[in-house]
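The lines below spell out each chain.
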Amino acid sequence: MAEINLSFSVNDQKMEVSTEPTRTLLSVLRDDLKLKGAKEACGQGDCGACVVLLDGEAVNSCLVLAVQAEGSQVITVEGLASKGQLHPLQQNFIENWAFQCGYCTAGMLISSYALLMDNPNPNPEEIRAAIAGNLCRCTGYHEIIEAVGKTAADLQQPVLTSES
Amino acid sequence: MNKPDYLAPQTLAEALDALGKHPHGVQLIAGGTDLVPQMRSKMVQPELLVDLRLLGLEGIEMTGDGIRIGARATHTDILESDLLAEHCPALVESAADIAGPPIRNRGTVGGNLVNASPAADLAPPLLVYDAQAVLASSRGERSVPLEEFFTGPGGTVLSDDEILTEVYIPPVAPNSSSKFIKLGKRKAMAVAVVSVAARLTLDDSGSISQARVALGSVAPIPMRALKAEAVLEGHPPSAELFAEAGRVASSESSPIDDIRASGEYRQKMVAVLTRRALAAAWGRLGGEV
Ligand SMILES: Cc1cc2nc3c(=O)[nH]c(=O)nc-3n(C[C@H](O)[C@H](O)[C@H](O)COP(=O)(O)OP(=O)(O)OC[C@H]3O[C@@H](n4cnc5c(N)ncnc54)[C@H](O)[C@@H]3O)c2cc1C
Ligand code: FES
Ligand code: FES
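Here is a short report on the structure shown in this document. (Residues numbered from 1 in each chain as written. Chains lettered and ligands numbered in written order. Predicted model: local features only at pLDDT ≥ 70, side-chain atom pairs only at ≥ 80, totals over all residues. Heavy atoms only, no water.)

1. So, a negative patch on the surface
- A grouping of Asp55, Glu57 and Asp118 of chain A together with Glu80 of chain B is seen on the molecular surface, where their side chains present a negatively charged patch.
- Relative to the helices and strands, glutamate 80 of chain B is located in the loop between α3 (75–79) and α4 (82–87).
- In this structure glutamate 80 of chain B comes out as exposed when scored by relative accessible area, which is 54%. (Patch = residues over 30% accessible without salt bridge, like charges linked within 9 Å, V, L, I, M, F, W, Y side chains within 5 Å. Areas by Shrake-Rupley, 256 points an atom, 1.4 Å probe, with all protein chains shown as cover. Salt bridge = Lys/Arg side-chain N within 4 Å of Asp/Glu carboxyl O. Lys, Arg positive; Asp, Glu negative; His and termini not counted. Charge placed at Lys NZ, Arg CZ, Asp CG, Glu CD. Helix = DSSP H or I, 4+ residues; strand = E, 2+ residues; numbered from the N terminus. Buried < 20%, exposed > 50% of the residue type's maximum accessible area, 1.4 Å probe, protein only.)

Below, the structure is given as structure tokens:
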């Protein structure tokens, strides 16, 4: 099979890639576009290390074929910081010890970011539900939940949007 | 993985045409949450992938008195539907119990049914609502009651040239309510050890005029517990009646031992969860046991 030309936006930049239809979005992000934030751990949807935003929704990029992202907007962890400034979620993850090895962090950040877009003022139960698809083997989750809660409090209003 | 061709048709007619032209080796793809792992492990090696993503087919809407759920509606769409929350609470509960948000954002009702896992979480509630699978091909359209849709683990009556376009739920009787309960190894990201959906409709005298009980993960296919339903119908709701229905449902199930649980444990849990689901459905109608 010939490769397919794919055009989509990643972190607000238009990207053109030529890829075989069986390659995953994760593989194209990491290997072709050199965005190494999203990780592959399980490769089958169980761990959430590969979570990115696809048209505003958190998805496992290891289960999305790259060709399915044609015309879509993808946001990866690399897209959270702007103008050299970490996103408040990232800052709070650092300050609250919300990671140790860091393998889950990109996915945790994106799942939390997706939550705050929908629900700027989540309670701890809602935060747990939002990261239910993200495994962390280091922190025990407590610090992550605190970091997300703290970010929500810091941001209070104005609300995050997918453009922010 | 092998190297299939890829097509993302713009219309259903185009998609059906592609299926008709390639009788073998075509694989439809919706959310890919079942298919992509199967392709990666080479369980499935398609020659052509036909992506349903541009076909629409994702709406959830009232038609007449029934409800149509497009095959590409995701678990998140079901979870967020006010219409389903009002008419089909057990279906919404089952979607809420699937995996975690990223899987729910991609996985679709069509994929869940056609993948035909005995543990497919949307199947038991759809069975208790007497749902029908609407199948289209270039030969025309047919509706198949969901109880006749599954043929075995991974198997359905869908032909190679057909696409599941929507799931139709006939009008839900007014004096009726339902409940879904899933028992997994943990609260999220867990395949069901046992799942139960129950629906009760009461007549004017308060007796059960219609009962539906459906079970997941305890037989080769998601199944109706017809004998348990017969035990319930025509009687006023009571704790004893629900317990008896649970025992009968348990004896109808035929679970196997696997890595998640023993068959014996599953069978015991069918009795417990059926009783609880019935009591909860009745509770939603104002009853108490
Ligand atoms: C980590 C993980 C956790 C999961 N947890 C659960 C869970 O808790 N409960 C549960 O029930 N499931 C679970 N699943 C399974 C899966 O997510 C669901 O079954 C999902 O609904 C499948 O939908 P999909 O759109 O992704 O299907 P796809 O993978 O796109 O397709 C699955 C199959 O259906 C066919 N198909 C898809 N749509 C159509 C159509 N419209 N017409 C005809 N054929 C079609 C495809 O050809 C393919 O054979 C889980 C999966 C993963 C990876
Ligand atoms: S790598 Fe995608 S979920 Fe684990
Ligand atoms: S920080 Fe190591 S897995 Fe989460």
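2. Digging into the nonpolar core
- If you look at the biggest cluster of nonpolar residues, it comprises 70 residues, and the most contacted ones within it are Phe8 of chain A together with Ile69, Leu91, Val109, Leu113, Leu126 and Ile169 of chain B.
- Here leucine 126 of chain B is in contact with Leu91, Val109, Leu113, Ala131, Leu146, Val167 and Ile169 of chain B, once residues within four sequence places are set aside.
- Counting residues in each nonpolar core, the second largest holds 30 residues, with Ile208, Val218, Phe242 and Leu273 of chain B among its members. (Core = buried A, V, L, I, M, F, W, Y, C linked by side-chain atoms within 4.5 Å. Contact = heavy atoms within 4.5 Å.)

3. Section: the interface of chain B and chain A
- Contacts between the two partners involve 28 residues from chain B and, on the opposite side, 28 residues from chain A.
- Interface area, chain B with chain A, both sides summed: about 2,300 Å², of which 59% is carbon and sulfur.
- The three residues of chain B that bury the most area against chain A are Arg40, Pro102 and Arg106 of chain B, which together make up 24% of that side's buried surface.
- In this structure, the connection of chain B to chain A is made through one salt bridge.
- One salt bridge connects arginine 40 of chain B with glutamate 40 of chain A, and the closest N-O pair in it is separated by 2.8 Å.
- Looking at the side of chain B that touches chain A, the elements that each hand over two or more residues are β1 (5–7), α2 (35–40), β3 (48–51) and α6 (101–106) of chain B.
- Take the side of chain B that touches chain A: its biggest share by element is five residues, from α6 of chain B.
- Of the residues contributing to the side of chain B that touches chain A, the split by class is 14 nonpolar, seven polar and seven charged. (Buried area = accessible area lost by both parts, 1.4 Å probe. Nonpolar A, V, L, I, M, F, W, Y, C, P; charged D, E, K, R; others polar.)

4. Observations concerning the site of ligand 1
- Near ligand 1 lie 35 residues; those nearest to it are Leu28, Thr33, Asp34, Leu35 and Thr108 of chain B.
- Around ligand 1, the nearby residues trace back to chains A and B.
- Side-chain polar atom of threonine 33 of chain B to an oxygen atom of ligand 1: 2.6 Å apart, as the coordinates give it.
- When ligand 1 sits alone it has 990 Å² of accessible area, and the protein chains cover 92% of it.
- At the level of elements, β2 (26–29), α7 (109–115) and β10 (163–169) of chain B are the ones that each hand at least two residues to the shell around ligand 1.
- For the shell around ligand 1, the element with the most residues is α7 of chain B, which contributes five residues. (Near = heavy atom within 4 Å. Polar contact = N/O pair within 3.5 Å; in protein donor to acceptor, adjacent residues only side chain to side chain.)

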